[in-house]
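For reference, the chains in residue letters:
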Amino acid sequence: MKEAIIVPFINHKGGTGKTTTVSNLASMLATKNKKVLLIDTDAQANLTSYMLGYEFDADDTFNAANLLSGESGEPVNVRKNIDIIPASLDLSMCEVQMQAKVLREQILKNELDKIKAKYDYILIDCPPHLGVMTINAIVAANHVIIPTTAEPFALKGVQAINDLVEQLKPANHNLDKPMIILTRFGRRQVNKLIYDAICETYANNVFKTIEKETVDILNLQAQNQTVESLSDSNPTKENWVALTKEFISKTKA
Ligand SMILES: Nc1ncnc2c1ncn2[C@@H]1O[C@H](COP(=O)(O)OP(=O)(O)OP(=O)(O)O)[C@@H](O)[C@H]1O
Ligand SMILES: [Mg+2]
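Attention here is on the structure that accompanies the text. Since this is a predicted model, take the numbers as computed values, not measurements.

**Section: the pairing of strand β4 (residues 82-85)**
- Here β4 shows two buried faces, one formed by I82 and I84 and the other by D83 and I85.
- When strand β2 (residues 36-40) meets β4, the two strands line up parallel, connected through four bridges. Each bridged residue has a counterpart across the sheet, and for I39 the counterpart in β4 is I85.
- As consecutive antiparallel partners, strand β3 (residues 76-79) and β4 are separated by two residues, and within that stretch N81 has a phi angle of approximately 75 degrees, a positive value.

**Side note on the site of ligand 1**
- Taken together, 20 residues lie around ligand 1, and G14, K18, T19, T20 and P128 are the ones closest in.
- Contributing elements (two or more residues each) for the shell around ligand 1: α1 (18-31) and α9 (215-222).
- Partitioned by chemical class, the residues of the shell around ligand 1 number three nonpolar, 12 polar and five charged.

**A word on the packing of α1 against helix α10 (residues 235-250)**
- The geometry of α1 relative to α10 is characterised by a closest axis approach of 10 Å and an angle of 80 degrees between their N-to-C directions. When the interaxial angle is binned, α1 and α10 end up roughly perpendicular. Of the residues in α10, those touching α1 at N24, L25, M28 and L29 are W240, T244 and F247.
- Taken together, the residues that form the contact of α1 with α10 break down as five nonpolar, two polar and no charged.

Calculation criteria
- Residues numbered from 1 in each chain as written.
- Chains lettered and ligands numbered in written order.
- Predicted model: local features only at pLDDT ≥ 70, side-chain atom pairs only at ≥ 80, totals over all residues.
- Buried ≥ 20, exposed ≤ 12 C-beta atoms within 10 Å, placed from the backbone.
- Helix = DSSP H or I, 4+ residues; strand = E, 2+ residues; numbered from the N terminus.
- Pairing = 2+ DSSP bridges.
- Near = placed C-beta within 6 Å.
- Nonpolar A, V, L, I, M, F, W, Y, C, P; charged D, E, K, R; others polar.
- Axes fitted to C-alpha atoms, helices over the stretch in contact; angles between N-to-C directions.
- Parallel < 35°, antiparallel > 145°, perpendicular 65-115°, else oblique.
- Contact = placed C-beta atoms within 7 Å.

Here's what the structure looks like:
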């Protein structure tokens, strides 16, 4: 039986490219005929707005707060091969309620066990803090990915996530060390210095493909489009083709 590979994208620092990475990877995987479920666990609902439009109201559909409350329902179809369980305003309250539950770190895993046979990948967009939602995503994961910018304090953030994953090992024995994707990578000298420092510390766990900073990403997001809509000769498209290939190979069981 098919079982989805479950991958949360985690960084408690805000604006490190979590949502950008999840959305564009999903779109590229979909073009390769992979069935992808997105879960927006961030109350900011950026992924939801990006994939479904700013007018979309998740309160009217089955959403992440419903999922985490143990209700069943159908994810929303975005387009061919991509479904999403959107974030709703209730998600913040849901997170507070989860804190009080017995085995609170297992809630998401238990729910995903019921639906993972329908997908090739389940990508989870996490909020920018290491709370109960992120802990649930780590416990449910086959692989953890840390999107990080190559800026001062990046190493400290990556270390904190590594420590958290290590602490959660008893709840998810088979989980490897997190993998790191460098995002919003520009020409600044500091980017190169921090990149070298990250590679020195985390060596094989760093993606060789780096997400380059480009206005293409901003333009696409402004139009609710993702990188698969760029022409094949566009360097940003080439960048994401390479990233997707590496993602598929690195997340193979
Ligand atoms: N490769 C890129 N080139 C240019 N801009 C980018 C790139 N990747 C992300 N950005 C921009 O950086 C900002 C932060 O990206 P994004 O929202 O994906 O981060 P995030 O980690 O999900 O943030 P949050 O922690 O708030 O959820 C956005 O404005 C996005 O448009
Ligand atoms: Mg985000």
